[in-house]
Amino acid sequence: MTDLSHDPDEEALVERINAQKAAFAELDGEARVYEVSGPVRVTYGGEEFDVPLTVRDVRAALDAERRAAFEAEVSGAGPGTVGAVVRKWALEVIPGDELDRVDVLLQAERSATRTSEAGA
């Protein structure tokens, strides 16, 4: 009989997800303003990704059908939720599995923040 109470792979997955949530919470809690003039290019796992971080760039990255759904959602978003809507839809255009896409998005946001802080 296999002991299912201790699965190291599952524990590692839960830790990764919790770390991602904590990183987004930290980014959301920071008073930061950054300007990006297009998708942010990051390298993750040896591959390059262009990550949209603005409403404009997400809109441009989506096909017509998904763009209409995005427009409906973002137009109804309140001031405190626009960022979450942009993140949700940015994840839609990043290829790969869900956890890796989240890591790519986190890396892009951190890169954009560092860039603006260096220029400030």
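Note that the structure is predicted; figures quoted are calculated from it, not measured.

Quick look at the packing of helix α3 (residues 64-75) against helix α4 (residues 82-93)
Link 1 in the chain: Axis separation between α3 and α4 bottoms out at 10 Å; the angle between their running directions is 165°. In this view, α3 runs roughly antiparallel relative to α4, as classed from their interaxial angle. Seen along the crossing, α3 lies across α4 with a hand that is right-handed. Along the contact surface, α3 presents Arg 66, Ala 69, Phe 70, Glu 73 and Val 74, while α4 presents Val 82, Val 85, Lys 88, Trp 89, Glu 92 and Val 93.

Let's talk about a negative patch on the surface
Link 1 in the chain: On the surface, a cluster of negative charge is contributed by Asp 7, Asp 9, Glu 10, Glu 11 and Glu 15.
Link 2 in the chain: By secondary structure assignment, the location of Glu 10 is in helix α1 (residues 8-29).

Structural notes on the nonpolar core
Link 1 in the chain: With 24 residues, the main nonpolar core has Val 51, Leu 53 and Leu 105 as its most contacted residues.
Link 2 in the chain: In terms of residues, this core owes the most to one element, helix α5 (residues 98-119), which gives six residues.
Link 3 in the chain: Excluding its chain neighbours within four sequence positions, the residues that come into contact with Val 51 are Pro 39, Val 40, Val 42, Ile 94, Val 104, Leu 105 and Ala 108.

Procedures and definitions
- Residues numbered from 1 in each chain as written.
- Predicted model: local features only at pLDDT ≥ 70, side-chain atom pairs only at ≥ 80, totals over all residues.
- Heavy atoms only, no water.
- Axes fitted to C-alpha atoms, helices over the stretch in contact; angles between N-to-C directions.
- Helix = DSSP H or I, 4+ residues; strand = E, 2+ residues; numbered from the N terminus.
- Parallel < 35°, antiparallel > 145°, perpendicular 65-115°, else oblique.
- Left-handed = near helix turned anticlockwise from the far one by under 90°.
- Contact = heavy atoms within 4.5 Å.
- Patch = residues over 30% accessible without salt bridge, like charges linked within 9 Å, V, L, I, M, F, W, Y side chains within 5 Å.
- Areas by Shrake-Rupley, 256 points an atom, 1.4 Å probe, with all protein chains shown as cover.
- Salt bridge = Lys/Arg side-chain N within 4 Å of Asp/Glu carboxyl O.
- Lys, Arg positive; Asp, Glu negative; His and termini not counted.
- Charge placed at Lys NZ, Arg CZ, Asp CG, Glu CD.
- Core = buried A, V, L, I, M, F, W, Y, C linked by side-chain atoms within 4.5 Å.
- Buried < 20%, exposed > 50% of the residue type's maximum accessible area, 1.4 Å probe, protein only.

By themselves these figures say nothing about function.
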